[in-house]
Amino acid sequence: MTIPLAHFAPSAGGPALPQERRLVTAIPGPRSQELAARAAAAIAKPVTSTTMPVFAAAAGGGVLVDVDGNSFIDFGCGIAVTTVGNAAPAVVAAVQAQAASFTHTSFATTPYPGYIEVAERLAALTPGDFPKRSLLINSGAEAVENAVKIARRYTGRQAIVVFDHAFHGRTNLTMGMTAKSMPYKSGFGPFAPEIYRAPMSYPYRDGLDGPAAAARTISQIEAQVGGANVAAIVIEPIQGEGGFVVPAPGFLPALAAWCRDNGAVFVADEIQSGIARTGDMFACEHEGVVPDLVTVAKGLAGGLPLSGVTGRAEIMDAIHPGGLGGTYGGNPIACAAALAALDTIEREGLLERARQIGAILSERLTALRAADPRVGDVRGRGAMQAIELVKPGGIAPDPATTLAVADKARHEGLIVLNCGTYGNVLRLLPPLSISDALLHEGLDVLAGALAATR
Ligand code: PLZ
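The shown structure was predicted, so the numbers you read here are calculated from the model rather than taken from an experiment.

S.K.: Give a description of the overall build of the protein chain that names residues and reports values.
M.R.: Along the backbone of the protein chain there are 14 helices and 15 strands. Relative to the compact-globule value of 22 Å for 454 residues, the protein chain shows a C-alpha radius of gyration of 21 Å, a close match. If one aligns the C-alpha atoms of the protein chain with their principal axes, the spans along those axes are about 60 × 60 × 45 Å. Across the 454 residues of the protein chain, 54% fall into the buried class. Expressed as a percentage of contacts within the protein chain between residues at least 6 apart in sequence, the contacts between residues at least 24 apart total 73%.

S.K.: Describe the pattern of salt bridges, and please don't skip the residues or the numbers.
M.R.: Applying the stated criterion across every chain, the model contains 18 salt bridges. With its nearest N and O atoms 2.6 Å apart, the salt bridge here joins Glu388 to Arg205. Placement of the pair is Glu388 in strand β12 (residues 384-389) and Arg205 in helix α7 (residues 203-206), with a sequence separation of 183 residues. Look at Arg205 and you get partly exposed, because its relative accessible area is 22%.

S.K.: Go over the site of the ligand, please, and point to the residues and values.
M.R.: Around the ligand sit 15 residues, and of these Gly140, Ala141, Arg170, Asp269 and Gln272 come closest. The contact in question runs from a nitrogen atom of the ligand to an N or O atom on the side chain of Glu241, over 3.3 Å. Between an oxygen atom of the ligand and a side-chain N or O atom of Gln272, the distance comes to 2.8 Å. Compared with its free state, where it exposes 510 Å², the ligand has 82% of that area covered by protein. For the shell around the ligand, a count of residues per class yields five nonpolar, five polar and five charged.

S.K.: Tell me what's going on with the side chain of Thr83, and back it up with residues and numbers.
M.R.: As for its placement among the helices and strands, Thr83 is situated in the loop between α2 (77-80) and α3 (89-101). If near-sequence neighbours (up to four positions away) are discounted, Thr83 is found in contact with Cys77, Ile275, Arg277, Gly299, Pro431, Leu432 and Ser433.

S.K.: Any details on helix α12 (residues 350-371)? Residues and values, ideally.
M.R.: A rise of 1.5 Å per residue sets the reference length of α12, with its 22 residues, at 32 Å; its end C-alpha atoms lie 31 Å apart and thus fit the reference within 8%. Residues of α12 that are buried include every one of Leu350, Arg353, Ala354, Ile357, Gly358, Ile360, Leu361, Leu365 and Leu368, and no others. On its buried face, α12 is in contact with α11 (332-347), β11 (375-381), β12, β15 (425-428) and α14 (436-452).

S.K.: Got a sec to walk through the environment of Ala12? Specific residues and values, please.
M.R.: Assignment of secondary structure puts Ala12 in the segment before α1 (30-42). For Ala12, a relative accessible area of 33% corresponds to the partly exposed category. Once the C-alpha coordinates of Ala12 and Val309 are considered, the two residues, 297 residues apart in sequence, prove to be 33 Å apart. In this structure Ala12 touches Leu17 and Ala58, once residues within four positions along its chain are discounted.

Thresholds applied
- Residues numbered from 1 in each chain as written.
- Predicted model: local features only at pLDDT ≥ 70, side-chain atom pairs only at ≥ 80, totals over all residues.
- Heavy atoms only, no water.
- Helix = DSSP H or I, 4+ residues; strand = E, 2+ residues; numbered from the N terminus.
- Rg over C-alpha atoms; globule rule 2.2 N^0.38 Å.
- Buried < 20%, exposed > 50% of the residue type's maximum accessible area, 1.4 Å probe, protein only.
- Contact = heavy atoms within 4.5 Å.
- Salt bridge = Lys/Arg side-chain N within 4 Å of Asp/Glu carboxyl O.
- Near = heavy atom within 4 Å.
- Polar contact = N/O pair within 3.5 Å; in protein donor to acceptor, adjacent residues only side chain to side chain.
- Areas by Shrake-Rupley, 256 points an atom, 1.4 Å probe, with all protein chains shown as cover.
- Nonpolar A, V, L, I, M, F, W, Y, C, P; charged D, E, K, R; others polar.
- Expected span 1.5 Å × (residues − 1).

Structure below.
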């Protein structure tokens, strides 16, 4: 796919921005430094960015331009959100048109067509050839909260099974479902009851194939929770914040089958992995897994806050009238953005583009691993891939090198995010609107940062 190189319009994002890495000041530049001082005086310290030291002015295609005019290659998409590109033209137009007609009515008060259209699209796009229903809300955590609510009401059971390295959000229930203590949970308890953590399949670290990993997990669930008590298994088909862990083939299908046999609801949390990111619309499709419920957010609405739960009609409709909702859920502007983002994926062939990006990432990252013993593992799918950094000679995590490499790359004009339970994973999440040239240049910057951190 080619990005049109129109003239530079400093206040406008979208693909019209010059598609180049260009550093014109030290990082951070003077305007970013000034904003950082204001942020420190006005914004709560715990929400301050620890990723990029610069402030955004415009973004689109494969770049983000800061307030000093520095242009960064974007391998972050926020946090895996602007999959169709930042300020994607169709999204911008849809948002402008919807905002000009009405901004809000509350779907429970006066419904509108956009919400229905998004639900229809999600029913068509999610795996499974059966009647489906959707609920739209605002954030990923809210989607996971609702999936749990629905599964408990439908099954009449309480236990929720989650996994090592899982991330499901920062609300009280989803904090409890999230695995990592710092920074997500430490000091924020007590957490909600009836959350049970089971072993994840993590081929690089456990060396188990899918069936063996599933047998271990299932025997733990049966012994410690009991099949008859499980309302739902909630799992990220490719884990996000926990380190882009891809379960061994066969693990997800075995868990889905166990849910079917035990009357539990199988929930795929596709908030980070879904909506074309992996080269399939949903990551669970890769293994033909059909979840009962799917949670979506991030890539769904081109950067606007919108999330959803989509699943089997009989499960979703088991809730009493008025039992699900929220003031802002399915906001009309966010719905218009989602329809435009989904159209963009279709019109521009972005599933195929995600696979092409995936082929380039795999090849380049595998070459890095071959040349550098600190790159222990390369994993992921499509435009969702990562390297795990370890101390050479073993698999001991190396978070210090990971931070140093990320910091170096960011100062060289690449937005790159870290993640992982042990803080030793660099994840690459380029927008599907990035050009091959920028993708390669971003990978060159990453390789250079690795070489400079020896
Ligand atoms: N489920 C799989 O990836 C959000 C959050 C980072 P919200 N991931 C990024 C941070 O520092 O909070 C996420 C996810 C998966 C749920 C969520 C939660 O989505 O929209 O952030 O609530």
